[in-house]
Amino acid sequence: AGAPEKKYTLFMLMLGFIALMVGTLFGPLQAFNYGGLDLYPFLKPVFQSYYQGLTIHGVLNAIIFTQLFGQAIMVYLPAKELGLRPNMTLAWVSFWMALIGLLIAALPLLGNAASVLYTFYPPLKAHWAFYVGAALFVLSSYVSIYLVLEMWSRWKRANPGKITPLATYMSVTFWLMWFLASLGLVVEALFLIAWSLGLVAGVDPLLMRTLFWYTGHPIVYFWLLPAYTLAYVTLPKLAGGKLVSDPLSRLVFLLFLLFSVPVGFHHQFADPGIAPYWKMIHTILTMMVAVPSLITAFTIAASLEVAGRANGGKGLLGWIGALPWNNPTVLAFLLGFLAFIPGGAGGIVNASFNLNQNIHNTVWIPGHFHLQVGTLVTMAAMGTAFWLIPHLTGKPLVARGMALASQWLWFLGMFIMTFSLHWMGFLYAVPRRSHIAGSPIAMEAYRESSAWMVLNIVSGVILLIAAILFFYVIYATALQSRRDPERVMSEVPFSEVISKPEGSSLALMTERVWFWFGIAVVLVVLAYGPVLFQMFTNMNPVPGQRLW
Ligand code: HAS
């Protein structure tokens, strides 16, 4: 594999994909549940319940896979762009912390002692090993933050006055955003560990939920931004074109740094104990954080148009057909972004204080986030694996046709599933996270809407086939003995840009990263400070309910 950072990136990436594979296999079981088909009784005694399966599905896919993908991509891209090697000792420390944390958390998950879902709301109480393992896993990302900031400052010292190259800028703002965003989870973890070990008698559920959502919304941008980074810095080139504007792309990441965090109350519109005006402030800030995605829609679509026209596409829409749909990486991004349009629109419905009443805690919500993280983010990772694994190993992609089929099927399966979930949540208020066979309320809502819910079974089967094809392709690629450096990309396909950062006042303004980070901190203090102060001073601890 050559350079040591390649080996590190491959290990992080593959560990992430193993987590995704195990987590994904539980997906069809959730989909079948909403189709009225409960397969969990057949999995006993290995897996005990729908809730155990749902916890494994959510934790592995949404928390483990996404973070590992970020730790692979958002360290490797700046290293290649700057031509610098990260501190390899610390890079491996981060890998081992993630792996050991994952294994510690996996034991109670597999033993049904942590079936608390990926939101782990008290008073549900998991075994302490779950919280300790998860904390160690998350802390490994702090090492990644250091790796990137250290490379960046090394580059800055050698290049005084120059504008940070784009992928590195995206990576630096991404990791700073995550540092600020993760603090809620870190504080919550301290409470939960003490509580699960019996060191404190109880914890306050509202405070825990608030700390959780402090991190829980920006974490979705922590999942999203590696996909956006790849879309900005590699997709235009892979599609045969150029990125239209470097400064505008930087602005997007700066806006995410500013607005990702102070928005968490939009998950708590239905919670008592938070005054409505605070919820309204978070609604407005949430609308602000949609802006960088709207800019992304423009910049990526315009860059794709440049590519399509360079490939010979003519007329108003002819460039779309001229894009390389037969390149599995490009295909994955195109389909992922198409899904992101209704997903983003649904997000704006969720964020609208009053509309939220209609869809909160219904299956509309998993419909929303399977378009976002389940489709765009996952497809960006899958699509990138098709060139990145060959690039890292020197082994060419096998079964290209299967790679293409996996992406079409994944998109189709997610489309059918999310369509029916949105419909069912919106029109029939089918509750989310409900074991249909075990919940009379869910059963009643389900009966009214059963024709739609059957689509979930169809989608579960399609997604299972898509997953088998995808995992076959990547493991067959990585594990083959044939190396053929001629047939793999030897360099990261960084895109050229049309509008450059040099001489741009916008680019100069965004370059003052620490100043903007300071503003982001101030915004968070204003949007959260008074409420958190009140919650900490009026704690109302409850003992909790052990689940094992
Ligand atoms: Fe969300 C709940 C609001 C984005 C994930 N969200 C969730 C949950 C998850 C999640 C996991 O305000 C459930 C948590 C739980 O378990 O309870 N979300 C938003 C808003 C956005 C948003 C306003 N969410 C995401 C992303 C996620 C994600 C991204 C994962 C990666 N979300 C909410 C709210 C809730 C919520 C409430 C709580 C609801 C409740 O009551 O519980 C925005 O950031 C969305 C902005 C996006 C856009 C779309 C732009 C379109 C683009 C595509 C361009 C297309 C191109 C294609 C270029 C405005 C960029 C060209 C193609 C060719 C072929 C030419």
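Since we're looking at a predicted model, the values are computed, not measured. (Residues numbered from 1 in each chain as written. Predicted model: local features only at pLDDT ≥ 70, side-chain atom pairs only at ≥ 80, totals over all residues. Heavy atoms only, no water.)

### Quick look at the overall build of the protein chain
Argument step 1. On a plain count of helices and strands, the protein chain comes out with 20 helices and four strands.
Argument step 2. Against the compact-globule benchmark of 24 Å for 548 residues, the protein chain has a radius of gyration of 23 Å, which places it among compact chains.
Argument step 3. With the C-alpha coordinates aligned to their principal axes, the bounding extent of the protein chain is approximately 55 × 50 × 45 Å.
Argument step 4. Across the 548 residues in the protein chain, those meeting the buried criterion constitute 61%.
Argument step 5. Computed over 28 positive and 17 negative side-chain charges, the separation of the two mean positions in the protein chain equals 5 Å. (Helix = DSSP H or I, 4+ residues; strand = E, 2+ residues; numbered from the N terminus. Rg over C-alpha atoms; globule rule 2.2 N^0.38 Å. Buried < 20%, exposed > 50% of the residue type's maximum accessible area, 1.4 Å probe, protein only. Lys, Arg positive; Asp, Glu negative; His and termini not counted. Charge placed at Lys NZ, Arg CZ, Asp CG, Glu CD.)

### Focus on the site of the ligand
Argument step 1. Among the 36 residues in the neighbourhood of the ligand, the closest are listed as Tyr118, Tyr221, His360, His368 and Arg432.
Argument step 2. Contact between the ligand and His266: an oxygen atom at 3.4 Å from a side-chain N or O atom of the residue.
Argument step 3. Within the residue set of the shell around the ligand, elements represented by two or more residues are α8 (218-233), α11 (276-310), α13 (328-351) and α15 (364-393).
Argument step 4. Residue contributions to the shell around the ligand peak at nine residues, all from α13.
Argument step 5. For the shell around the ligand, a count of residues per class yields 23 nonpolar, twelve polar and one charged. (Near = heavy atom within 4 Å. Polar contact = N/O pair within 3.5 Å; in protein donor to acceptor, adjacent residues only side chain to side chain. Nonpolar A, V, L, I, M, F, W, Y, C, P; charged D, E, K, R; others polar.)

### Quick look at the side chain of Thr9
Argument step 1. Relative to the helices and strands, Thr9 is located in helix α1 (residues 4-25).
Argument step 2. Note on Thr9: relative accessible area 0%, which makes it buried.
Argument step 3. For Thr9, the side chain forms a polar contact with the main-chain oxygen of Glu5, separated by 2.6 Å.
Argument step 4. The contact partners of Thr9, leaving out residues within four places of it in the chain, are Ala72, Tyr76 and Leu392. (Contact = heavy atoms within 4.5 Å.)

### Observations concerning the coordination of the iron atom of the ligand
Argument step 1. Here the protein supplies the iron atom of the ligand with just one donor, His368 (NE2), and that contact is 2.2 Å long.
Argument step 2. Mapped onto the elements of the fold, His368 is located in helix α15. (Donors = N, O, S within 2.8 Å, 3.2 Å for Na, K, Ca; no water.)

### Structural notes on empty space enclosed by the protein
Argument step 1. By the definition in use, this model includes one cavity of 30 Å³ or more.
Argument step 2. If you add up the space inside the largest cavity, you get close to 620 Å³.
Argument step 3. Gln30, His57, Asn61, Phe369 and His370 are, among the 35 residues lining the largest cavity, the residues nearest its centre.
Argument step 4. Contributing elements (two or more residues each) for the lining of the largest cavity: α1, α2 (27-34), α3 (50-82), α15, α16 (400-428) and α18 (450-479). (1 Å grid on protein atoms, 1.4 Å probe; cavity = no way out; pocket = protein on both sides within 12 Å on 5 of 7 lines; lining within 4 Å. Points joined across faces, edges and corners; volume = space filled by probe spheres on them.)

### Comments concerning the packing of aromatic side chains
Argument step 1. Following the criterion strictly, the structure yields 45 aromatic pairs and no others.
Argument step 2. Between the aromatic rings of Phe17 and Phe65, the centroid separation amounts to 5.9 Å while the plane-to-plane angle is 35°, which identifies the pairing as tilted. Separated by 48 residues along the polypeptide, Phe17 in helix α1 and Phe65 in helix α3 bring together distant segments of the chain. Across the pair, Phe65 and Phe17 agree in class, each one buried.
Argument step 3. Here the aromatic cluster, defined as three or more aromatic residues joined through ring pairs, consists of Phe17, Phe65, Phe69, Phe386, Phe470, Phe471 and Tyr475.
Argument step 4. For the cation-ring pair, Arg209 lies above Tyr121, with the distance from its terminal atom to the ring centre recorded as 4.2 Å.
Argument step 5. One Lys or Arg, Arg250, reaches over the ring of Tyr169 and ends 5.3 Å from the middle of that ring. (Phe/Tyr/Trp six-rings, centres within 6.5 Å; stacked < 30°, edge-to-face > 60°. Lys NZ or Arg CZ within 6 Å of the ring centre and 35° of its normal.)

### Here's the deal with the pattern of salt bridges
Argument step 1. What the rule picks out here adds up to nine salt bridges.
Argument step 2. Residues Arg209 and Asp271 are paired through a salt bridge, measuring 2.7 Å at the closest nitrogen-oxygen approach. Taken together, the residues span a long stretch of sequence, with Arg209 in helix α7 (residues 205-216) and Asp271 in the loop between α10 (246-259) and α11 at a distance of 62 residues. There is no split in this pair, since Arg209 and Asp271 are both buried.
Argument step 3. A salt bridge links Glu496 to Lys242; its shortest N-O distance comes to 3.5 Å. Here Lys242 lies in the loop between α9 (235-238) and β2 (243-245) and Glu496 lies in the loop between α18 and β3 (497-499), a separation of 254 residues in the sequence.
Argument step 4. Relative accessible area serves as the criterion here: at 52%, Glu496 is assigned to the exposed category.
Argument step 5. Taken together, the shared-partner salt bridges in this structure form one network comprising Lys156, Asp246, Arg250 and Glu511. (Salt bridge = Lys/Arg side-chain N within 4 Å of Asp/Glu carboxyl O.)

### A look at the environment of Leu257
Argument step 1. Along the chain, the position of Leu257 falls in helix α10.
Argument step 2. For the pair Leu257 and Arg309, spaced 52 residues apart in sequence, the C-alpha separation works out to 33 Å.
Argument step 3. If we skip the residues at most four places from it in the chain, Leu257 touches Thr173, Leu176, Met177, Trp516, Phe517 and Ala520.

### A look at the packing of α11 against α13
Argument step 1. Remark: α11 packs on α13, axes separated minimally by 11 Å, with the N-to-C direction vectors making an angle of 160°. The orientation of α11 with respect to α13, classified from their angle, is roughly antiparallel. Considering only the axes of α11 and α13, their crossing is left-handed. Together, Thr283, Thr286, Met287, Ala290, Ser293, Thr296, Ile300 and Leu304 of α11 and Leu334, Phe337, Phe340, Ile348 and Ala351 of α13 make up the contact between the two elements.
Argument step 2. Here the contact of α11 with α13 is composed, by residue class, of nine nonpolar, four polar and no charged. (Axes fitted to C-alpha atoms, helices over the stretch in contact; angles between N-to-C directions. Parallel < 35°, antiparallel > 145°, perpendicular 65-115°, else oblique. Left-handed = near helix turned anticlockwise from the far one by under 90°.)

### Regarding unusual backbone geometry
Argument step 1. The omega torsion of the bond from Lys44 to Pro45 falls at 5°, within 30 degrees of zero and hence cis.
Argument step 2. The topology assignment puts Pro45 in the loop between α2 and α3.
Argument step 3. In the segment running from Pro122 into Pro123, the intervening peptide bond is cis, with an omega of 15°.
Argument step 4. As for its position among the elements, Pro123 is in the loop between α4 (88-110) and β1 (124-125).
Argument step 5. Notably, Leu117 is not glycine yet its phi reads approximately 65°, a positive angle.
Argument step 6. Structurally, Leu117 is set in the loop between α4 and β1.
Argument step 7. Notably, Phe120 is not glycine yet its phi reads approximately 30°, a positive angle.

### As for the confidence of the model for the protein chain
Detailed conclusions should not be drawn from predicted coordinates in areas where pLDDT is low.
Argument step 1. In the predicted model, the protein chain carries a mean pLDDT of 96, and the fraction of residues at 70 or more is 99%.
Argument step 2. Prediction confidence for the complex, expressed as pTM and ipTM, is 0.97 and 0.97 respectively. (pLDDT = per-residue confidence, 0-100.)

### Overview of the environment of Leu294
Argument step 1. By secondary structure assignment, the location of Leu294 is in helix α11.
Argument step 2. Taking the relative accessible area as the measure of exposure, Leu294 reaches 56% and is therefore exposed.
Argument step 3. In this structure, the C-alpha to C-alpha distance between Leu294 and Val252, residues 42 residues apart in sequence, is 9.3 Å.

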